[in-house]
4 protein chains.
Amino acid sequence: MSGSQTKSESRRQRVLDAALEVFAREGYGNAAVDEIARLSATSKGGVYFHFPSKQAIFLSLIDAAGALLLERTERAMAAETDPIAKGDAALLAVLRTFGGHRALARLLLIEALGAGREFNQRLSDLHADFARLIAAYLDEAVADGAFPPMDVDIASVAWFGAVNQTVTRWVLTGEPERLEDVYPTLRSLLLHGLQGPCAGENR
Amino acid sequence: MSGSQTKSESRRQRVLDAALEVFAREGYGNAAVDEIARLSATSKGGVYFHFPSKQAIFLSLIDAAGALLLERTERAMAAETDPIAKGDAALLAVLRTFGGHRALARLLLIEALGAGREFNQRLSDLHADFARLIAAYLDEAVADGAFPPMDVDIASVAWFGAVNQTVTRWVLTGEPERLEDVYPTLRSLLLHGLQGPCAGENR
Amino acid sequence: MSGSQTKSESRRQRVLDAALEVFAREGYGNAAVDEIARLSATSKGGVYFHFPSKQAIFLSLIDAAGALLLERTERAMAAETDPIAKGDAALLAVLRTFGGHRALARLLLIEALGAGREFNQRLSDLHADFARLIAAYLDEAVADGAFPPMDVDIASVAWFGAVNQTVTRWVLTGEPERLEDVYPTLRSLLLHGLQGPCAGENR
Amino acid sequence: MSGSQTKSESRRQRVLDAALEVFAREGYGNAAVDEIARLSATSKGGVYFHFPSKQAIFLSLIDAAGALLLERTERAMAAETDPIAKGDAALLAVLRTFGGHRALARLLLIEALGAGREFNQRLSDLHADFARLIAAYLDEAVADGAFPPMDVDIASVAWFGAVNQTVTRWVLTGEPERLEDVYPTLRSLLLHGLQGPCAGENR
DNA sequence: AATGAATGAGCGTTCATTCAT
DNA sequence: TATGAATGAACGCTCATTCAT
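I will try to describe carefully the structure that is included in this document. For clarity, every value in this text was computed on a predicted model and none was experimentally measured.

Right, let's talk about the relation of the copies chain A and chain B for a bit. The second copy of the chain is related to the first by a rotation about an axis and a shift along the axis. Superposing chain A onto chain B takes a rotation of 180° plus a shift of 0.0 Å along the axis, which leaves an RMSD of 0.2 Å. Taken together, these values place the two copies in the relation of a two-fold axis. The residues that chain A uses at the interface reappear at the interface of chain B in 100% of cases, marking a shared surface.

Take a look at the structure:
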């Protein structure tokens, strides 16, 4: 990796960092490339040297954020063997990733949704990727006997949605102060639903 | 209701109908007031006679859509007495309302989110209203002994999120073809979670 | 004069009164016909029944204001016979007319100027009318031996300008509190100029 | 001064030149930024790159014109020592500055007045600056014994007004063809008033 | 690689005027 | 006479994108 490559990479990264902040603060439509350039201590031309368009910057951010979320979740699940523990690990990984980076949460769960048709596909793909991850785990857990047979497609989407909504509420209203505090309740709900754990079952 | 009132109201309603279509198709930022005027067979000035701003049109739509959703859900729940049946009714009402009006679903679950800070408050309020409705039901059901004690705040948000996400997937990907098809699975997940109904329990 | 004529006249006058207030407050360009209608307790259509256009309202006001100023000045001069006293009377009449009606002063000296080419002609005519009045007086006074021969055209314009500027300053800055307070100084300046009255001359 | 600075400055100046012409021709309200852009052989965006708003362009012009007028007058007065000669120099400087630039005269004496409350302050300031210049001169001349004691505030405003009105007439009606032709008459009026020079006084 | 001046299409909003009632 | 809903042209301003340097 040559010095100039490094410099170029860091410049590109500075642009992405600035873009994340601006997009999260202003939303996609209201974000100005000028502002991204200013925040990244570059010029407008500099931004356009590294990215072909404003849209491409946003897509880069979504892709990176999605990849980060997936990777963290996968890694956390891989560290466990027990099916239930795998699920717990996934839940915690998502809550921790979003809880530690509010701008990222805002970008992925809020701004990306209304940014236009072009991004819906990308977002659908990400949702699908994540659902696939959860679905694969559910399939395994079902095969393992930990869970009864179910429609894993819908179950994974619902799992994802329940988690998303608590994160979204946290982003929009600031409640609860620490996102991870929802973990015990959410865990119980995901596992046992509203009716709670069956008698004689542990935890 | 005089004739002129009727006419004026109908013009206003035509604008709202057109706006719903345009906002759902283009998103808030990309929607042009010109296009709304064209679709409602009015002039731009006509639109601005009935609404002070583009933002006000959007807010009107969100408020109306939110009120419709709440009202339908409340009405459906009121028709039942059994706690479990109330929950089922709420779930079905939401799925049917959204399933019967994809543009409305897109507006409320997708476009309103990324439309800017001004709308987040309104949306938060709606989310809170809906969560309160569910929370009140859960409180009752817990008191009734149908559900064990739980953190109803988080539970209602998670309930809402699981439903929203399936609706969102339907809006974005068209799956499943009929939204209501998710009802049985979603119902089971909400009630019993991933681990399914306890042995000896009926459905 | 029939009752309806009276009513019509009074309605028309109410529009003019409202227009004077709005034009003086907002300027010609920023004044809205809607606002004039509101202030005159009429509808927009009502305004347009009495006047063919916004421009016509403004011209009516300018004409009326100009006529009032001319008439007051002429009447005041007619009441005197001594040439110097005639001049004093004219000066006082102008100061009193403007001093008693700030909106009128603002309209004639400020707003009418920048309102557009269409009004410049009208304003020029008014200026010319007034200058003619002063010029006729000066001609008489010169013939009388009260003043030495002079270029009465320029003198009348300068007279008008000196007065106008003090009124304009009053409108814009509020100084002096009572416009008529400038009378003694202005009188002396107009009669004797900066060098003051000649030795042996009385006031 | 680098080449790019020169180019940027010249573009900015071209915009100002075009704006002066358009504002003088159409008035502030009727002037379109599009037209300014066309006349300066730029694009609308180009105009807005150099100025934040239409209002700012207008203010720039007023400030520059006011500064030019003040500077020319001050310079002309500084070149003389005799009080009377200083006054003559000031009068000539104003007449020549306006007489040589009709658009500038129109901007400062006509369009700026009716352009709105925002500009009145600026214009008041300019009037005050100019009045201060004249007042300072009058104070000196009084101390020198050239003029008798007087209310210099009002005298300077009247001086300014008499000159302005002749310039305004020239702008509006084109009379006299050469503005400077009013100089002798105006000079005499300002010095001696309508009653003319005292017997035994020279010039 | 980087800069920033320049472009120009597009948009929200205003408002004088018209006209059916 | 009077009303006020409707029209539509006009305008100030923004901003993603380009490109000469």
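The next subject is the pattern of salt bridges. Pairing between side chains becomes possible if they bear opposite charge and their charged atoms approach one another. Counted by the stated rule, this structure contains 48 salt bridges over all chains. R106 of chain C serves as the salt-bridge partner of E111 of chain C, at 3.2 Å between the closest nitrogen and oxygen. This pair shows no difference in class: E111 of chain C is buried, exactly as R106 of chain C is. One salt bridge connects E21 of chain D with R25 of chain D, and the closest N-O pair in it is separated by 3.4 Å. Here the residue E21 of chain D and the residue R25 of chain D both occupy positions in helix α1 (residues 3–26), the gap between them amounting to four residues, near one helical turn.

Our focus in this paragraph is the environment of A155 of chain B. With respect to the element layout, A155 of chain B can be found in helix α8 (residues 152–173). When its relative accessible area of 2% is taken as the criterion, A155 of chain B is described as buried. Once the C-alpha coordinates of A155 of chain B and L138 of chain B are considered, the two residues, 17 residues apart in sequence, prove to be 8.5 Å apart. Other than its neighbours up to four places away in sequence, A155 of chain B contacts L189 and L194 of chain A together with L138 and M150 of chain B.

With no contact between them, chain B and chain C keep their nearest C-alpha atoms 13 Å apart. Looking at chain A next to chain D, you find no contact at all, with the nearest C-alpha pair sitting 13 Å apart.

With that out of the way, let us pick up the protein's contact with DNA strand E. Within the structure, DNA strand E sits among 30 residues, and K44, Y48 and K54 of chain B together with F49 and H50 of chain D are positioned closest to it. At 3.5 Å, a side-chain N or O of R11 of chain A approaches a phosphate oxygen of DNA strand E. Here a phosphate oxygen of DNA strand E and a backbone polar atom of S43 of chain D are 2.9 Å apart. Among the residues making up the surface near DNA strand E, the classes are represented as 10 nonpolar, 12 polar and eight charged.

Surveying the vicinity of DNA strand F reveals 30 residues, the closest of which are F49 and H50 of chain B together with K44, Y48 and K54 of chain D. Per the 4 Å cut-off to the protein, sugar and phosphate atoms form 62% of the nearby atoms of DNA strand F. At a separation of 2.9 Å, a phosphate oxygen of DNA strand F approaches a polar backbone atom of A31 of chain D. Within the side chain of Y48 of chain D, an N or O atom sits 2.6 Å from a phosphate oxygen of DNA strand F. Put simply, the parts of the chain that give the surface near DNA strand F at least two residues each are α3 (44–50) of chain A, α3 (44–50) of chain B, α3 (44–50) of chain C together with α3 (44–50) of chain D. By residue class, the composition of the surface near DNA strand F is 10 nonpolar, 12 polar and eight charged.

With that settled, the discussion passes to the packing of helix α5 (residues 83–99) of chain A against helix α7 (residues 117–144) of chain A. Residues and elements named next belong to chain A. Here α5 crosses α7 at 160°, and the two axes come no closer than 9 Å. The pairing of α5 with α7 is recorded here as roughly antiparallel in orientation. When you trace α5 past α7, the crossing you get is left-handed. Across from P83, I84, K86, G87 and V94 in α5, the residues of α7 making contact are F130, Y137, E140, A141 and D144. In terms of residue class, the contact of α5 with α7 is built from six nonpolar, one polar and three charged.

What follows covers the relation of the copies chain D and chain C. When chain D is fitted to chain C, the best match, at an RMSD of 0.2 Å, comes from turning it 179° and sliding it 0.0 Å along the axis. A shared interface surface links the copies, since 100% of the contact residues of chain D are contact residues in chain C too.

Contacts between chain D and chain C engage 47 residues on the former and 47 residues on the latter. Summing both sides of the interface, chain D and chain C together bury roughly 4100 Å²; the carbon and sulfur share of this comes to 62%. Broken down residue by residue, the surface that chain D buries against chain C is led by Q165, L194 and Q195 of chain D, which jointly contribute 19%. Viewed at the interface, chain C and chain D are joined by zero salt bridges. Applying the counting criterion to the chain D and chain C interface returns 15 residue pairs in polar contact (both at pLDDT 80 or more). Broken down by secondary-structure element, the contributors of at least two residues to the side of chain D that touches chain C are α1, α6 (102–111), α7 (117–144), α8 (152–173) and α9 (183–192) of chain D. The element contributing the most residues to the side of chain D that touches chain C is α8 of chain D, with 15 residues. Its residues assigned to classes, the side of chain D that touches chain C shows 25 nonpolar, 14 polar and eight charged.

This part is about a negative patch on the surface. On the surface, E80, D82, D139, E140, D144, D151 and D153 of chain A together with E175 of chain B cluster together into a patch of negative charge. Per element, the largest residue contribution to the negative patch is three residues, and it comes from α7 of chain A. You can see D82 of chain A is positioned in the loop between α4 (54–78) and α5. According to the relative accessible area criterion, D82 of chain A is partly exposed, its value standing at 39%.

A separate point is α9 of chain D. The element α9 of chain D is largely enclosed, with a buried count of eight among its 10 residues. Those residues of α9 of chain D that sit buried are Y183, T185, L186, R187, L189, L190, L191 and H192 of chain D. The inward-facing, buried residues of α9 of chain D abut α8 (152–173) and α9 (183–192) of chain C together with α5 (83–99) and α8 of chain D. With its phi angle positive at about 75°, G193 of chain D sits one or two positions after the end of α9 of chain D.

Now for the packing of aromatic side chains. Scanning all chains against the criterion turns up 32 aromatic pairs over all chains. With 4.7 Å between their ring centres and 50° between their planes, Y28 of chain D and F58 of chain D make a pair best called tilted. Placement of the pair is Y28 of chain D in the loop between α1 and α2 (33–39) and F58 of chain D in helix α4 (residues 54–78), with a sequence separation of 30 residues. Sitting over the face of the ring of Y28 of chain C, K54 of chain C holds its NZ or CZ atom 4.7 Å from the ring centroid. In this arrangement the basic side chain of R102 of chain C is found over the ring face of W170 of chain C, its NZ or CZ atom lying 5.1 Å from the centre.

Looking along the chain, the bond that leaves E175 of chain A and enters P176 of chain A is cis, with omega of -10°. Locating P176 of chain A in the fold gives a position in the loop between α8 (152–173) and α9 (183–192).

The interface is formed by 47 residues belonging to chain A together with 47 residues belonging to chain B. Between chain A and chain B, a total of about 4100 Å² is buried, with carbon and sulfur atoms accounting for 62% of that surface. For the chain A face of the interface with chain B, the top three residues by lost area are Q165, L194 and Q195 of chain A, together amounting to 20%. Applying the counting criterion to the chain A and chain B interface returns zero salt bridges. Mapped onto the side of chain A that touches chain B, the elements with two or more residues apiece are α1 (3–26), α6 (102–111), α7, α8 and α9 of chain A. Among the elements that take part in the side of chain A that touches chain B, α8 of chain A stands out by supplying 15 residues, more than any other. Of the residues assigned to the side of chain A that touches chain B, the class counts are 25 nonpolar, 14 polar and eight charged.

Conventions we followed
Residues numbered from 1 in each chain as written. Chains lettered and ligands numbered in written order. Predicted model: local features only at pLDDT ≥ 70, side-chain atom pairs only at ≥ 80, totals over all residues. Heavy atoms only, no water. Least-squares fit on C-alpha atoms with pLDDT ≥ 70 in both. Contact = heavy atoms within 4.5 Å. Salt bridge = Lys/Arg side-chain N within 4 Å of Asp/Glu carboxyl O. Buried < 20%, exposed > 50% of the residue type's maximum accessible area, 1.4 Å probe, protein only. Helix = DSSP H or I, 4+ residues; strand = E, 2+ residues; numbered from the N terminus. Near = heavy atom within 4 Å. Polar contact = N/O pair within 3.5 Å; in protein donor to acceptor, adjacent residues only side chain to side chain. Nonpolar A, V, L, I, M, F, W, Y, C, P; charged D, E, K, R; others polar. Axes fitted to C-alpha atoms, helices over the stretch in contact; angles between N-to-C directions. Parallel < 35°, antiparallel > 145°, perpendicular 65-115°, else oblique. Left-handed = near helix turned anticlockwise from the far one by under 90°. Buried area = accessible area lost by both parts, 1.4 Å probe. Patch = residues over 30% accessible without salt bridge, like charges linked within 9 Å, V, L, I, M, F, W, Y side chains within 5 Å. Areas by Shrake-Rupley, 256 points an atom, 1.4 Å probe, with all protein chains shown as cover. Lys, Arg positive; Asp, Glu negative; His and termini not counted. Charge placed at Lys NZ, Arg CZ, Asp CG, Glu CD. Phe/Tyr/Trp six-rings, centres within 6.5 Å; stacked < 30°, edge-to-face > 60°. Lys NZ or Arg CZ within 6 Å of the ring centre and 35° of its normal.

Just distances and angles here, no functional claims.
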